[in-house]
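Secondary and tertiary structure notes
Chain by chain, the residues:
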Amino acid sequence: DAGITQSPRHKVTETGTPVTLRCHQTENHRYMYWYRQDPGHGLRLIHYSYGVKDTDKGEVSDGYSVSRSKTEDFLLTLESATSSQTSVYFCAINPGQGSYEQYFGPGTRLTVT
Amino acid sequence: QKEVEQNSGPLSVPEGAIASLNCTYSDRGSQSFFWYRQYSGKSPELIMSIYSNGDKEDGRFTAQLNKASQYVSLLIRDSQPSDSATYLCAVGGSQGNLIFGKGTKLSVKP
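An account of the accompanying structure is given in this report.

What counts and what doesn't
Residues numbered from 1 in each chain as written. Chains lettered and ligands numbered in written order. Predicted model: local features only at pLDDT ≥ 70, side-chain atom pairs only at ≥ 80, totals over all residues. Heavy atoms only, no water. 1 Å grid on protein atoms, 1.4 Å probe; cavity = no way out; pocket = protein on both sides within 12 Å on 5 of 7 lines; lining within 4 Å. Points joined across faces, edges and corners; volume = space filled by probe spheres on them. Nonpolar A, V, L, I, M, F, W, Y, C, P; charged D, E, K, R; others polar. Salt bridge = Lys/Arg side-chain N within 4 Å of Asp/Glu carboxyl O. Helix = DSSP H or I, 4+ residues; strand = E, 2+ residues; numbered from the N terminus. Buried < 20%, exposed > 50% of the residue type's maximum accessible area, 1.4 Å probe, protein only. Disulfide = S-S within 2.5 Å.

Quick notes on empty space enclosed by the protein
Gaps left between atoms are located by rolling a probe of water-molecule size over the structure's atoms. Residue and element names in this part refer to chain B. Across all of its chains, the model carries one cavity of 30 Å³ or more by this definition. For the largest cavity, the calculated volume is near 30 Å³. Lining the largest cavity, in full, are K2, E3, V4, Y25, S26, D27, S30, V91 and I99. Looking at the lining of the largest cavity residue by residue, the class counts come to four nonpolar, two polar and three charged.

Re the pattern of salt bridges
Per the stated rule, a full pass over the model turns up eight salt bridges over all chains. Taking the shortest distance from any N to any O, the salt bridge between R22 of chain A and D73 of chain A comes out at 3.1 Å. Residue R22 of chain A is located in strand 3 (residues 19–25), and its partner D73 of chain A is located in strand 8 (residues 73–78); the two are separated by 51 residues in the primary sequence. The salt bridge partner of R37 of chain B is E45 of chain B, with a shortest N-O separation of 3.0 Å. Here R37 of chain B falls in the buried class, since its relative accessible area comes to 13%. According to the relative accessible area criterion, E45 of chain B is partly exposed, its value standing at 37%.

Notes on the state of the cysteines
In protein structure, a disulfide is the covalent linkage between the sulfur atoms of two cysteines. In the structure shown here, the tally under the stated rule is two disulfides over all chains. Here C23 of chain A engages in a disulfide with C91 of chain A; their sulfurs sit 1.9 Å apart. Across the disulfide from C23 of chain A to C91 of chain A, rotation about the S-S bond amounts to roughly -70°, and the bridge is consequently left-handed. Here C23 of chain A, found in strand 3, pairs with C91 of chain A, found in strand 9 (residues 87–94); they are 68 residues apart in sequence, far enough to count as distant. Note on accessibility: C23 of chain A and C91 of chain A belong to one class, buried. Shown here is the disulfide that connects C23 of chain B with C89 of chain B, its sulfur atoms set 2.0 Å apart. On the sign convention where negative means left-handed, the S-S torsion of about -70° between C23 of chain B and C89 of chain B marks this disulfide as left-handed. Of this pair, C23 of chain B sits in strand 3 (residues 19–25) while C89 of chain B sits in strand 9 (residues 85–92), and the two are 66 residues apart along the sequence. Note on C23 of chain B: relative accessible area 1%, which makes it buried.

Structural data, given as structure tokens:
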């Protein structure tokens, strides 16, 4: 599982509340990614990080922010959750060395009611 | 907008047969290609990566790449019921990310 954990694994929250999802890795990889997976859309990139405090936006970043204050942790925050953000969220790492290969965490299933 | 297209399936094959999964991509400059397997309720698992034209074999899996036709395929020989899953094709993007197809659901019947 590439030493990646995500927390929480399941969460139900109400519209308008802030939510933070955590991705933790044990291998000190530089590159980390947040994707969401929805039926009919596949996996889509939300934000990514290429080092501590170095982050950038992906394809579907509106309504999301990220932070990376330590190499091992990459946090995804939904500033004010909406029903359209109900999804499964996956964190991924790239081990580097010139490879594009990515390895995924177990995912967080988020329901916004 | 870079796109990766896959037939959504379901693709049904009998046990022991060859399953053939196909993928096309829009960006002619793409250099890296991947196949992931995803069981229901689980995370994607990398099973093959390919970077050069031709075939790459790993056990029962063969990935095939044709950059001129912008086409990637995955062959699964001697298909087993445990191969039943959704297979995701992915292409390396400009941000170091992966661009995914929507996946093909494979069902292997005993």
